[in-house]
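# Residue-level structural notes
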Amino acid sequence: MAPLVRYQTTTQLIESARLTPTEHSIWRAFLDEAVDPEYAACYIWERIHDRAACSIEQTLDELKIDWKRLVTKLAKRDLVSSQACTLVETRDNSHCFMLDQKPSDPNVSVRFDHAWVIPPSLFNDSDMDPRGSLYPLLRAFLTPTKASELQAILQTDTPEYKLKNLFLLSPSVHSAFRNGRIRIFPATNTPDQWNDETEARIKTAGEVCYFVHRLSPEPCGGLFLSDGSHWNSTMQMFIMESQDTNQHLPDPFLLRTHYRIAASMHLFYVEERIAEGWPSPPLFRFNQVTQKILRSVWRLVPHFLRVQCYGVLLNLGSHLYPRSFTGLVHQLPFGLYAKECTRTPNEGETLRLMERYTSIPAPLWVDDYQGLHRVLIMTSVPGQTLDVVFHRLSYSERKQLSKDLKNVLSQLRSIPNQTPYRFGDSHGGPLFDYRFPSGVCGPFHQISDFNSFLVHKYVLSETREKVAAVHARSYRSVFTHADLHPKNIIINRGRLSGIVDWECAGFYPEYWEFTKLFYGLQPSPEIQAVIHDAFTGDTYEEELAAERLLWYATPFGV
């Protein structure tokens, strides 16, 4: 395969342009989802260099306006004729294929829209004429051959071709699909493996499995299936079938075309939401000084009465915030949270250490009591998790976040160890970490004891030799969050507002915070880079290499 020379140079040119993060994402999506990325890149390259008098940013902005106009045309809701409605209802047995199970009772009403995959009116205006202003952009994205094929399908007015472009979707799913917030593709192949052979095989099938992929960021609100049930999956497989194999299912070429453009459609939606600004702050919230005063007054109440009040608050919270009552952390009224400490009672002591020795934004410890498990009561932290809002951060805000996290790490490492052990949790007990196969280890006096626990009996001699040099080094014992994952980093209106989930915290070898960034489910490369920059001048690449060897050699439950 010939190298994508123009694709690479165009990508580098776009990345060097002074654009917003969302704009960079829009152009990455344009090139990566194009039928022929090299062909699409040539078009962008030529447009930039044909406008030598303009800056790269100006040319890309003009192109972005055209691209948005083009993809917006695919969001149009074209009317479906009564004849076409009858055809698709007959084929799909009058229900949307996105159902957990088929309706067993024919009298049960289901709601659905008659949805075009691609609006048939796409080519009905002068902009989309082969001599129009937008057609060259579509041709660059799809290639001339595929653009002509799309036009031919949409302009063929026969029952067969109408069925190839129709299916039934629930109203909310139809809106999400129409605006590129969900994508549908056959389960026979991943999108990257979806080729002409796959399409030919599907076109004659009487039953097709589809994956429905819900795009993020910026959720598209509640999605409901035709039977009224709530659908909140990121991706799920559904089966579309026809009783008659002569009935034509949606054309995979049309679905693939929508799939290619959906990412850009969704990114334009994201751009519009970002332009609206950050959500307004709450009208009223106690500052931390007031929270500490209220906590002091509250703790004058006898403990047994406080525990009874927590029971009432938990009951109220289950009704007011039902979605928070699915795990161990529960939202309560008055800006409080309750956490069931089923694995370790370490978090309450950690929050007290944060308050005593640092200015790190973290939940304020309020109280704890013994229920079925130890229950921690703490304050909330304003904002949303980094993984949810990262796409909204400008490049300057991302740079500031790295600085703020660097300050957090510096303060953590300054917390004195007043426990009897060099390596243990906040009060000298065993360390709890998902990295450990048994969940807990220690406490230990020496780094050699800690290393011996990591190099367990199942580690091969070859791996032992490779990690020996790293484990022979002497490391400081420093206080560590040990789970600095994007879901535990809270952002409020573009700035770091809190670090949460301190149950794994304790005194670890100095490299542990860095290596844990790469353990398990890793964040996106962009988020990882921001957190990684917080360790500038203090990274541990050799230790990471050694840890990776041990991760692969450590089965669960050793």
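As a starting point, this report considers the structure included with it.

Here is what the cut-offs are and how they apply
Residues numbered from 1 in each chain as written. Predicted model: local features only at pLDDT ≥ 70, side-chain atom pairs only at ≥ 80, totals over all residues. Heavy atoms only, no water. Helix = DSSP H or I, 4+ residues; strand = E, 2+ residues; numbered from the N terminus. Buried < 20%, exposed > 50% of the residue type's maximum accessible area, 1.4 Å probe, protein only. Areas by Shrake-Rupley, 256 points an atom, 1.4 Å probe, with all protein chains shown as cover. Lys, Arg positive; Asp, Glu negative; His and termini not counted. Charge placed at Lys NZ, Arg CZ, Asp CG, Glu CD. Axes fitted to C-alpha atoms, helices over the stretch in contact; angles between N-to-C directions. Left-handed = near helix turned anticlockwise from the far one by under 90°. Contact = heavy atoms within 4.5 Å. Nonpolar A, V, L, I, M, F, W, Y, C, P; charged D, E, K, R; others polar. Pairing = 2+ DSSP bridges. Salt bridge = Lys/Arg side-chain N within 4 Å of Asp/Glu carboxyl O. Phe/Tyr/Trp six-rings, centres within 6.5 Å; stacked < 30°, edge-to-face > 60°. Disulfide = S-S within 2.5 Å. Parallel < 35°, antiparallel > 145°, perpendicular 65-115°, else oblique. Core = buried A, V, L, I, M, F, W, Y, C linked by side-chain atoms within 4.5 Å. Patch = residues over 30% accessible without salt bridge, like charges linked within 9 Å, V, L, I, M, F, W, Y side chains within 5 Å.

### Some points on the overall build of the protein chain
The helix and strand tally for the protein chain stands at 21 helices and 19 strands. For the protein chain, the spread of C-alpha atoms along the three principal axes comes to 80 × 60 × 50 Å. Counting every position in the protein chain, which comprises 558 residues, the buried fraction comes to 50%. If you sum the accessible surface of the protein chain, you get close to 26,600 Å²; carbon and sulfur atoms cover 54% of it. The distance from the centre of the 57 positive side-chain charges to the centre of the 63 negative ones in the protein chain is 5 Å.

### Here's the deal with the packing of helix α2 (residues 21–33) against helix α4 (residues 56–73)
Contact geometry for α2 and α4: axes closest at 12 Å, N-to-C directions at 65 degrees. You can see that α2 and α4 cross each other, and the crossing is left-handed. Contacts from Glu23, Ile26, Trp27 and Phe30 in α2 reach Leu60, Leu63, Lys64 and Trp67 in α4. Taken together, the residues that form the contact of α2 with α4 break down as 6 nonpolar, no polar and 2 charged.

### Details of the sheet that holds strand β16 (residues 477–480)
Taking strand neighbours across the sheet as the criterion, the 3 strands line up as β13-β19-β16 in an open arrangement whose pairing is antiparallel. The sheet is open, and its two borders are formed by β13 (424–425) and β16, each paired with just one other strand.

### Some points on the side chain of arginine 260
Mapped onto the secondary structure, arginine 260 falls in helix α11 (residues 252–275). Of the side chains with opposite charge, glutamate 33 comes closest to the buried, unpaired arginine 260, at an N-O distance of 5.2 Å. Not counting the four nearest positions on each side in its chain, arginine 260 is found in contact with Glu33, Ala34, Val35, Phe141 and Leu142.

### Remarks on the pattern of salt bridges
Throughout the structure, instances matching the rule amount to 37 salt bridges. In this structure, the salt-bridge partner of glutamate 462 is lysine 466, at a minimum N-O distance of 3.4 Å. With glutamate 462 and lysine 466 both in helix α18 (residues 461–471) and 4 residues apart, this pair spans about one turn of that helix. One connected set of salt bridges, linked through shared partners, spans Lys68, Glu272, Arg273 and Glu276.

### Notes on the packing of aromatic side chains
Across all of its chains, the model carries 30 aromatic pairs by this definition. Centroid distance phenylalanine 514 to phenylalanine 535: 5.4 Å. Interplanar angle 75 degrees. Geometry classified as edge-to-face. Taken together, the residues span a long stretch of sequence, with phenylalanine 514 in helix α19 (residues 512–516) and phenylalanine 535 in the loop between α20 (525–533) and α21 (541–552) at a distance of 21 residues. Taken together, the ring pairs in this structure connect Phe423, Phe436, Phe444, Phe450, Phe453, Tyr475, Tyr508, Tyr511 and Trp512 into an aromatic cluster.

### Some remarks on the state of the cysteines
If you walk through the whole model with that rule in mind, you get 0 disulfides. Its sulfur unpaired, cysteine 504 is 11 Å from the next cysteine sulfur, which belongs to cysteine 441.

### Side note on the packing of helix α7 (residues 144–154) against α11
The N-to-C vectors of α7 and α11 enclose an angle of 120 degrees; their axes lie 11 Å apart at closest approach. Judged on the interaxial angle alone, α11 and α7 are oblique. Judged by the twist between their axes, the crossing of α7 over α11 is left-handed. Where α7 approaches α11, its residues Lys146, Glu149, Leu150 and Ile153 are matched on the opposing element by Phe253, Leu254 and Thr257. Class assignment of the residues belonging to the contact of α7 with α11 gives a composition of 4 nonpolar, 1 polar and 2 charged.

### Things to note about the nonpolar core
Counting 67 residues, the largest nonpolar core has Ile44, Trp67, Phe97 and Phe167 as its most contacted members. No other element matches the 8 residues that α11 contributes to this core. Ranked by size, the runner-up nonpolar core spans 62 residues in total, among them Leu351, Val459, Ala505 and Phe518.

### Some remarks on the sheet that holds strand β10 (residues 365–370)
Read from one edge of the open sheet, 4 strands run β8-β9-β11-β10, paired in antiparallel fashion. At either margin of the open sheet sits one strand with a lone partner, and together these are β8 (329–332) and β10. This sheet shows a mean twist of 20 degrees between the axes of neighbouring strands, independent of strand direction. Judged from the 6 bridges that link them, strand β9 (residues 336–341) and strand β11 (residues 374–379) form a sheet pairing that is antiparallel. Its bridge partner lying in β11, glutamate 340 is registered against valine 375. Here helix α13 (residues 303–320) sits on the sheet in contact with β8, β9, β10 and β11, set at roughly 100 degrees to β10.

### Quick look at the environment of tryptophan 45
On the secondary structure map, tryptophan 45 appears in helix α3 (residues 37–50). As a C-alpha pair, tryptophan 45 and aspartate 125 span 80 residues in sequence and 27 Å in three-dimensional space. If near-sequence neighbours (up to four positions away) are discounted, tryptophan 45 is found in contact with Arg6, Thr9, Thr10 and Leu13.

### A look at unusual backbone geometry
Glycine 442 connects to proline 443 through a cis peptide bond whose omega is 5 degrees. Counting through the fold element by element, proline 443 comes out in the loop between β15 (440–441) and α17 (447–454). A positive phi angle, close to 65 degrees, is found at phenylalanine 334, a residue other than glycine. Here phenylalanine 334 falls in the exposed class, since its relative accessible area comes to 72%.

### Some words on a nonpolar patch on the surface
Taken together, the side chains of Leu283, Phe284, Phe286 and Leu294 make up a nonpolar region of the molecular surface, amounting to roughly 500 Å² of accessible area. Mapping phenylalanine 284 onto the fold places it in the loop between α11 and α12 (288–298).

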